[in-house]
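Residues per chain, in single letters:
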Amino acid sequence: MAKFIKMRVFFALRIILLPGFFFTGTCCYGFAISLLSPIEVPPGFPSAYVFRLSILTGVHKNVYGLDLGLIGNVTRERFVGSAFSGLYNYTGSAFIAGAQIAGLSNYNSGDSTIIGLQISGLSNVNRGKGIHVGYQLAGLSCYSPEMVVVGAQACLLYSRAKAVAGLQLGLIVNADYALYIQAGAIAIAKTVIMEQAGGILIAEKVYGAQVGLVSISDRVVGFQFGMYTFAQNFSGMQLGLVN
């Protein structure tokens, strides 16, 4: 385990410190400083930086490395590294190694891989396909309809992912595949393996336990509990006032 952790840390540092060599195949500018786009050094929205500092907002084609912004960071195409912003981070496709943190919103419009944290005050949006190994946290919503989350997706109002292996938590939660625990006032899944818990629970298939006020499933193999429980095909134990 210790060796595995060291390897991950080394890999993340390598991405942050030497991105120009590992991802672009060419040398790169050592830094970029932006006041408010297009007032930037160097000018012209070039690519491949080890470090970008956006005093207000920076806009570049590709960014590789550490990205810091007082208001916002904008990468039109490819971002690789860690990003921290007072308000928002916007990227095309992204490989996040470490963290993507914003006061309001993180928005990745293309396919993305995230290893570590994705945290925002309001929303995390990952529009493309990808995988997130770590924790996805937001004060309002997490929307990753084509992303597999391995770890936790916990957002106050709405949590959405293609699949979650770990914990999915929120007022409303929705995943095609939920492995381990899916919990919310309203929880929706195609397939649940382990446990679905909360208020109104809806799943096509449950292999494990479905525990809520209203529990509805096409097929349950295991345990189903609620004030109202319904399953077309059932194998196991079913407890409810109305079955």
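Procedures and definitions
- Residue numbers restart at each chain and count upward from 1, following the sequence in its written direction.
- It should be noted that, the model being predicted, local features are given only for residues of pLDDT at least 70 and side-chain atom pairs only at 80 or more, the latter also being counted only at that level, while totals for whole chains, interfaces and linings use all residues.
- Only hydrogens and water are removed before side-chain values are computed, so all heavy atoms of the structure are retained for them.
- What counts as a helix is a DSSP run of H or I of at least four residues, what counts as a strand is a run of E of at least two, and both are numbered from the N terminus.
- Summary of the burial criterion: residues with accessible area below 20% of their type's maximum are buried, those above 50% are exposed, and those between are partly exposed, where the area comes from a 1.4 Å probe applied to protein chains only.
- Here, Shrake-Rupley sampling with a 1.4 Å probe gives the accessible areas, and only protein chains in the shown set may cover a residue.
- Any two cysteine sulfur atoms lying within 2.5 Å of each other are counted as a disulfide.
- Any carboxyl oxygen of Asp or Glu within 4 Å of a side-chain nitrogen of Lys or Arg constitutes a salt bridge here.
- Put simply, two rings from Phe, Tyr or Trp (the six-membered ring, in Trp's case) pair if the centres are within 6.5 Å, and we call them stacked under 30 degrees between planes, edge-to-face over 60, tilted for the rest.
- Pairs of N or O atoms within 3.5 Å make up the polar contacts considered here, provided that, within protein, one atom can donate a hydrogen while the other can accept it, and that residues adjacent in sequence are counted only when both atoms are side-chain atoms.
- Per-residue confidence from the predictor is reported as pLDDT, a score between 0 and 100.
- Should any heavy atoms of two residues lie within 4.5 Å, those residues are counted as being in contact.

> Tell me about the overall build of the protein chain, and please be specific about residues and values.
The helix and strand tally for the protein chain stands at 2 helices and 11 strands. Going from N to C terminus, the protein chain has its helices and strands arranged as α-α-β-β-β-β-β-β-β-β-β-β-β. Counting across all 243 residues of the protein chain, residues that qualify as buried make up 44%. Carbon and sulfur atoms make up 72% of the accessible area of the protein chain, which totals about 11300 Å².

> Explain the state of the cysteines residue by residue, including any values.
All chains considered together, the criterion is met by 1 disulfide. Each sulfur in the disulfide pair Cys142 and Cys155 lies 1.7 Å from the other. The chirality of the disulfide connecting Cys142 with Cys155 is left-handed, given an S-S dihedral of about -50°.

> Got a sec to walk through the pattern of salt bridges? Specific residues and values, please.
Scanning the model with the defined rule gives 3 salt bridges in all. Among the ionic pairs, Asp67 bridges to Arg52, the shortest N-O distance being 2.7 Å. Both residues of the pair, Asp67 and Arg52, count as buried. A salt bridge links Arg160 to Asp176, with the shortest nitrogen-to-oxygen separation between them at 3.6 Å.

> How would you sum up the packing of aromatic side chains? Please name residues and give values.
The full count for this structure, using the stated rule, is 2 aromatic pairs. Taking 6.4 Å as the distance between ring centres and 10° as the angle between the ring planes, the aromatic pair formed by Phe223 and Phe225 counts as stacked.

> Give a detailed account of the side chain of Asn89, specifying residues and quantitative values.
Along the polypeptide, Asn89 turns up in strand β5 (residues 88-102). Side-chain polar atoms of Asn89 contact the backbone oxygen of Ile101, separated by 3.1 Å.

> How would you sum up the confidence of the model for the protein chain? Please name residues and give values.
On average, the protein chain scores 86 in pLDDT, and the residues at 70 or more come to 84%. Low pLDDT (under 50) marks residues 4-27, which in the prediction has 31 contacts with non-local residues, meaning those over four places away or in another chain.

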